[in-house]
Amino acid sequence: MGTLWYGGKIRTLQTENDVYDAIYVEKGKVIKIGSHNEIINMPDITISEEINLQGSVMYPGFVDSHLHMIGHGEKLLKLDVSELTSIDELKEVLLKTVKDIPNGQWLLAEGFNENLYPNKIVPDRNILDEISVNHPIIITRVCRHAMTTNSFALNLANIDASVEDPPGGIIERDDDGIPTGYLHDQAQELVRNLLPEYDFNYIENALATSLKDLHKHGYTGAHSEDLNYYGDATKTLEAFYRVIDGEKQKFRANLLVHHEVANEIFVEGDSIREKDPFVELGSIKIFADGALGGRTAFLSEAYSDDPETHGVAIHSQEQLASIVQEARHFNMPVAIHTIGDLALEYAISAIEQFPVREGKRDRLIHLQVTRQDLLDRLQKLSVVLDIQPRFVASDFPWVESRLGHSRLPYSFAWKTMLSHGLICAGGSDAPIEPIDPLLGIHAAVTRRNPSESHEGYGEKEKLSLYEALQLFTIGSAKAINMENKRGIIATGYEADFTILSEDLFELEPDEWLDVKVEKTVVDNSIMYER
Ligand SMILES: [Zn+2]
């Protein structure tokens, strides 16, 4: 007994032009792809269910290879300031919100982006003190590698001129050495540690909200990094098992495990592991550096727009290598966040020293700045590169002034990476970038924002539509060694499908953004229907 899907176009993505008009599925696995006639005349099958695609187009299930599912849900639930384009707008929104918060309680907002403001000024403690001196305020920067706070929050955290920068973090200071409220990377923890404990309902609610949105955008799975940010890591993992119950809610979640909680998850969490086939534990996540926005991405040469700094390494070369070595004790691949080229060099050296076990792949996440010698070394490693095409649309043109012209040819160089034979997987890094996979695909192909009309930032790095689709399908499957089960529509593969209203191959890139998700199908179950 099984399901016949027919009446539309089935793009298997096994090759660029592979198109069929029917597919037969049994017990969540694809049994046969072919013509409608061929399938209905197959001996030994019983079609118990028929689903008419009504002209829509079936693709292999889209999988976001790097995002933060709970963070995405929080963004949907919380005060999101990422679209605001001036300090005045920001003030207006915050003043309105703070009115409803009792004195002494936190005002939290997500995603300020000073690059959208006319004067590109980061809102500092003086600006936030105009909002309130009776509430602690945190506004995270859009990159999540920095936050800005007011005087109340700084006082609570005892951050004054006498406090030194913590390892891997920067406390910005004015000319007199007084902290401005702007905190980078690890310095954020000084304030974040004071936040009240997350309760279980909050995490579950954020996750459920996120899942609904992912299904709505056509995602059948995602590789998510959340376990180190909400108190007890095993509780956060438990929330995934509860929300993705495998019955009402199916979704292929692969969870990166931050190295600081690997012991809890892999050792203490043993009793709750692997009990849900839809929630898998993935690579061990390690941060090597920060981000370009706050100039904390770790570069081999100084920032072109600030010769005083070349960024921040979260760990020394030796520390990074020993964290990778530690991860090998759990028999797990690593997933290292590297944005600057020197961070990438550290990560490559650590992996060369302590390679992943045969047949597995490590992951390197972001790779915004690379070099030819590093690409050559990457070719010899068993790695997948997790890229987020949307960063090109969001970070250019300001990123050009950070990096200068000489570094640009090897920055955000997706085509160059692919042409070196390196495996790339595509993601959004939501909540930093919007979740919509069609926006990600659009950015990979056009290298510009939908609102812009130029030839793209770094034209020769544009991908074809087929390559862009592969990032979010087979690329994501390869990132977790699942390419024999997922990532294309093929006999024996899992029945995960993203069904769109139209055939992307027949449209212009700007038209993709109007294409609707008709159905999201996981394990042959319809999880979303328009
Ligand atoms: Zn991320």
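Residues numbered from 1 in each chain as written. Predicted model: local features only at pLDDT ≥ 70, side-chain atom pairs only at ≥ 80, totals over all residues.

Q: Which parts of the structure should I look at to understand the overall build of the protein?
A: Looking only at helices and strands, one finds 18 helices and 22 strands in the protein. Here the contacts in the protein between residues at least 6 apart in sequence split such that 72% fall between residues at least 24 apart. (Helix = DSSP H or I, 4+ residues; strand = E, 2+ residues; numbered from the N terminus. Contact = placed C-beta atoms within 7 Å.)

Q: Looking at this structure, I do not really get the sheet that holds strand 7 (residues 79-80). What am I missing?
A: What links the strands of a sheet is backbone hydrogen bonding, and the strands pair in either a parallel or an antiparallel sense. With mixed pairing, the 6 strands of this open sheet are ordered in space as 7-8-9-10-12-11. Edge positions in the sheet fall to strand 7 and strand 11 (169-173), since each of these pairs with one other strand and no more. Across the sheet, helix 3 (residues 87-98) lies against strand 7 and strand 8 (107-112), angled at about 155 degrees from strand 8, the strand it touches most. (Pairing = 2+ DSSP bridges. Axes fitted to C-alpha atoms, helices over the stretch in contact; angles between N-to-C directions.)

Q: For this particular structure, what's the right way to read the domain arrangement of the protein?
A: Accessible area lost upon the coming together of the parts is a frequently used measure of interface size. As assigned here, the protein comprises domain 1 (2-61 + 512-529) and domain 2 (71-192). Between domain 1 and domain 2, the C-alpha centre-to-centre distance is 48 Å. (Domains from an automatic or database assignment.)

Q: Help me understand unusual backbone geometry in this model?
A: With an omega of 0 degrees, the peptide bond between Phe396 and Pro397 qualifies as cis. As for its placement among the helices and strands, Pro397 is situated in the loop between helix 13 (390-395) and helix 14 (398-403). Here the amide bond leading from Ala430 into Pro431 is cis, since omega sits at 15 degrees, within 30 degrees of zero. Of note in the backbone geometry, Lys120 takes a positive phi value of approximately 55 degrees without being a glycine. Its location among the elements puts Lys120 in the loop between strand 8 and helix 4 (125-129). On the neighbour-count criterion, Lys120 (10 C-beta atoms within 10 Å) is exposed. (Buried ≥ 20, exposed ≤ 12 C-beta atoms within 10 Å, placed from the backbone.)

Q: Would you explain the packing of helix 11 (residues 341-353) against helix 12 (residues 372-379) in this entry?
A: A pair of packed helices is captured by two measures, namely the crossing angle of their axes and the spacing between those axes. Running from N to C, helix 11 and helix 12 point in directions that differ by 30 degrees, and their axes come no closer than 11 Å. In terms of orientation, helix 11 and helix 12 fall into the roughly parallel class. In terms of crossing hand, the pair formed by helix 11 and helix 12 is left-handed. Each of Asp341, Leu344, Glu345 and Ile348 in helix 11 lies in contact with helix 12, whose residues at this interface are Leu374, Arg377 and Leu378. Its residues assigned to classes, the contact of helix 11 with helix 12 shows 4 nonpolar, no polar and 3 charged. (Parallel < 35°, antiparallel > 145°, perpendicular 65-115°, else oblique. Left-handed = near helix turned anticlockwise from the far one by under 90°. Nonpolar A, V, L, I, M, F, W, Y, C, P; charged D, E, K, R; others polar.)

Q: Explanation requested: the sheet that holds strand 14 (residues 252-258) in the structure shown.
A: Reading across the sheet, the 8 strands line up as 6-13-14-15-16-17-18-19 and stay open at both edges, with parallel pairing between neighbours. Each edge of the sheet is formed by a strand with only one pairing partner; in this case those strands are strand 6 (62-67) and strand 19 (423-426). Geometrically, the sheet is characterised by an average inter-axis angle of 25 degrees between neighbouring strands, direction not taken into account. Relative to strand 14, strand 13 (residues 219-225) is paired through 5 bridges, and the arrangement is parallel. Bridge assignment links Gly221 to a residue of strand 14, and that residue is Arg252. Contacts from helix 11 reach strand 16 (334-338) and strand 17 (362-366), with the element oriented near 160 degrees to strand 16.

Q: Would you mind showing me how to read the environment of Gly181 here?
A: Considering the arrangement of structural elements, one finds Gly181 in strand 12 (residues 179-185). For Gly181, a count of 27 C-beta atoms within 10 Å translates into the label buried. For the pair Gly181 and Gly440, spaced 259 residues apart in sequence, the C-alpha to C-alpha distance is 33 Å.

Q: When you look at helix 2 (residues 69-77) in this model, what are you seeing that I'm missing?
A: Spacing of three or four residues puts side chains on the same side of an α-helix, whose turn is 3.6 residues. Burial of helix 2 is extensive: 7 of the 9 residues sit out of reach of the surface. Looking only at helix 2, the buried set comprises Met69, Ile70, Gly71, His72, Gly73, Glu74 and Lys75. Elements in contact with the buried residues of helix 2: strand 6, strand 7, strand 8, helix 7 (200-216) and strand 13.

Q: When you look at the pairing of strand 2 (residues 19-26) in this model, what are you seeing that I'm missing?
A: Each regular strand shows side chains that alternate between the opposite faces of the sheet. Taken together, the 6 bridges between strand 1 (residues 2-11) and strand 2 define a ladder with antiparallel strand orientation. Opposite Thr3, over in strand 2, you have Val25 as the bridge partner. Bridge count for strand 2 against strand 3 (residues 29-34) is 5 bridges, and the pairing is antiparallel. Residue pairing in the sheet places Ala22 in a bridge with Gly34 of strand 3. Counting the residues between successive antiparallel strands, the hairpin from strand 2 to strand 3 contains 2 residues, one of them, Lys27, with a positive phi of roughly 45 degrees.

Q: Even after reading the chapter, I still don't get the environment of Trp5, so can you show me in this structure?
A: Here Trp5 shows up in strand 1. Taking C-alpha positions, Trp5 is 33 Å from Val384, a pair spaced 379 residues apart along the chain. In this view, Trp5 contacts Ala22, Ile23, Ile51, Leu53 and Met58; residues no more than four positions away in its chain are not counted.

Q: Sorry, what's going on with the nonpolar core here?
A: Across soluble globular proteins, nonpolar side chains show a tendency to be buried alongside one another. Grouped together as the largest cluster of nonpolar side chains are 160 residues, with contacts concentrated most on Ala288, Ala343, Ala347, Leu385 and Cys424. Top element by residues in this core is helix 11. It accounts for 8 residues. (Core = buried A, V, L, I, M, F, W, Y, C linked by C-beta atoms within 7 Å.)

Q: What's the story with the pairing of strand 14 in this structure? I'm lost.
A: The buried fraction of strand 14 amounts to 7 of the 7 residues, a majority that puts the element mostly inside the structure. What you see with strand 14 is no split at all: Arg252, Asn254, Leu256 and His258 on one side and Ala253, Leu255 and Val257 on the other are buried throughout. One crossover worth recording links strand 13 to the parallel strand 14 by way of helix 8 (residues 233-243), and it is right-handed. With 5 bridges joining them, strand 14 and strand 15 (residues 279-287) adopt parallel strand pairing. Among the inter-strand pairings, Val257 is bridged to a residue of strand 15, identified as Ile284. (Right-handed = clockwise from strand over helix to strand, strands pointing away.)

Q: Help me understand the environment of Tyr117, please; the structure alone is not making it clear to me.
A: Its location among the elements puts Tyr117 in the loop between strand 8 and helix 4. Tyr117 gets classed as partly exposed once you count the C-beta atoms within 10 Å, which come to 18. Expressed as a C-alpha distance, the spacing of Tyr117 and Tyr241, which sit 124 residues apart in the sequence, is 41 Å. Discounting residues that sit within four places of it in the chain, Tyr117 has contacts with Thr85, Ser86 and Ile87.

Q: Got a minute to help me understand the packing of helix 7 against helix 8 in this structure?
A: Following both chains from N to C, one finds helix 7 and helix 8 inclined at 45 degrees, their axes separated by 9 Å at the closest point. Of the possible angle classes, the one that applies to helix 7 and helix 8 is oblique. The handedness of the crossing between helix 7 and helix 8 is right-handed. On helix 8, the residues that touch Phe200, Ile203, Glu204, Leu207, Ala208 and Leu211 of helix 7 are Lys235, Thr236, Ala239, Phe240, Arg242 and Val243. Each residue belonging to the contact of helix 7 with helix 8 can be placed in one class, and the counts come to 8 nonpolar, 1 polar and 3 charged.

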